Amino acid sequence: MMLTAEISLYPNNENFIPPIDSFIARLNQHDDVQVQTFPTATIVMGEYDRVMDILKVAMKAHREEFGMGVFVAKFIPGYEAL
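Residues numbered from 1 in each chain as written. Predicted model: local features only at pLDDT ≥ 70, side-chain atom pairs only at ≥ 80, totals over all residues. Heavy atoms only, no water.

1. Digging into the overall build of the protein
We apply this condition: The way it works is that DSSP assigns letters per residue, a run of H or I at least four long becomes a helix, a run of E at least two long becomes a strand, and they are numbered from the N terminus. Each radius of gyration is computed over the set of C-alpha atoms, and the globule rule expresses the reference value as 2.2 Å times the number of residues to the power 0.38. The buried label goes to any residue with under 20% of its type's maximum accessible area, the exposed label to any with over 50%, and the partly exposed label to all in between, with areas taken from a 1.4 Å probe on protein chains only. Here a residue-residue contact requires only that any non-hydrogen atoms of the pair lie within 4.5 Å. Note on areas: these come from Shrake-Rupley sampling with a 1.4 Å probe, and a residue is covered only by the protein chains present in the view. For the purpose of counting charges, residues Lys and Arg are taken to be positive, whereas Asp and Glu are taken to be negative. His and the chain ends are not included. The atom standing in for a charge is NZ when the residue is Lys, CZ when it is Arg, CG when it is Asp and CD when it is Glu.
On a plain count of helices and strands, the protein comes out with two helices and four strands. Reading the secondary structure of the protein in the N-to-C direction produces β-α-β-β-α-β. Taken over C-alpha atoms, the radius of gyration comes to 12 Å for the protein, in line with the 12 Å a tight globule of 82 residues would show. Structurally, the protein occupies a C-alpha span of about 35 × 20 × 20 Å along its principal axes. The buried share among the 82 residues of the protein stands at 32%. By sequence separation, contacts in the protein at least 24 residues apart represent 70% of the contacts at least 6 residues apart. As displayed, the protein offers around 5,200 Å² of accessible surface, 53% of which is attributable to carbon and sulfur atoms. Of note, the protein has its 6 positive side-chain charges centred 7 Å away from the centre of its 11 negative side-chain charges.

2. Description of the pattern of salt bridges
We apply this condition: The salt bridge criterion pairs a side-chain nitrogen of Lys or Arg with a carboxyl oxygen of Asp or Glu, the two atoms within 4 Å.
Applying the stated criterion to the full structure yields three salt bridges. Across the pair R26 and E65 runs a salt bridge whose closest N-O atoms are separated by 2.8 Å. Placement of R26 in helix α1 (residues 17-27) and of E65 in helix α2 (residues 48-66) is noted, with a sequence separation of 39 residues between them. For R26, a relative accessible area of 25% gives the class partly exposed. Under the relative-accessibility criterion, E65 is labelled partly exposed at 46%.

3. A word on α2
Condition: By this rule, a helix spans an expected 1.5 Å times one less than how many residues it contains. Picture the helix axis, draw a direction to every C-beta atom, and the arc is the one those directions span.
The end-to-end C-alpha distance of α2, which contains 19 residues, comes to 27 Å, matching closely the 27 Å that a straight helix rising 1.5 Å per residue would cover. Burial in α2 covers these residues: V51, I54, L55, A58, A61 and H62. Buried residues in α2, looked at end-on, bunch into an arc of 135°, giving them a common side. Relative to its buried face, α2 has exposed residues pointing more than 90 degrees away, namely D49, K56, V57, K60 and E64. Positive phi shows up at G67, right after α2, with a value of about 85°.

These figures capture arrangement, not role.
Below, the structure written as structure tokens:
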């Protein structure tokens, strides 16, 4: 099943651009999903399990590298936004 995930990151950091750029770069490392970034959110679209695995790893890596951050997401199973 296809999944569209729209995710925004709000780092708990005065210098908030590097954590956001790092998170987006992690998402863009994967050729088996589509990633498109907009000013307020990034959309990741692909097979359900793959998208969830990528997000799980990227979110954990963000926490380990930058500390606290708030992720706000919408998950739309069976919908292809891109």
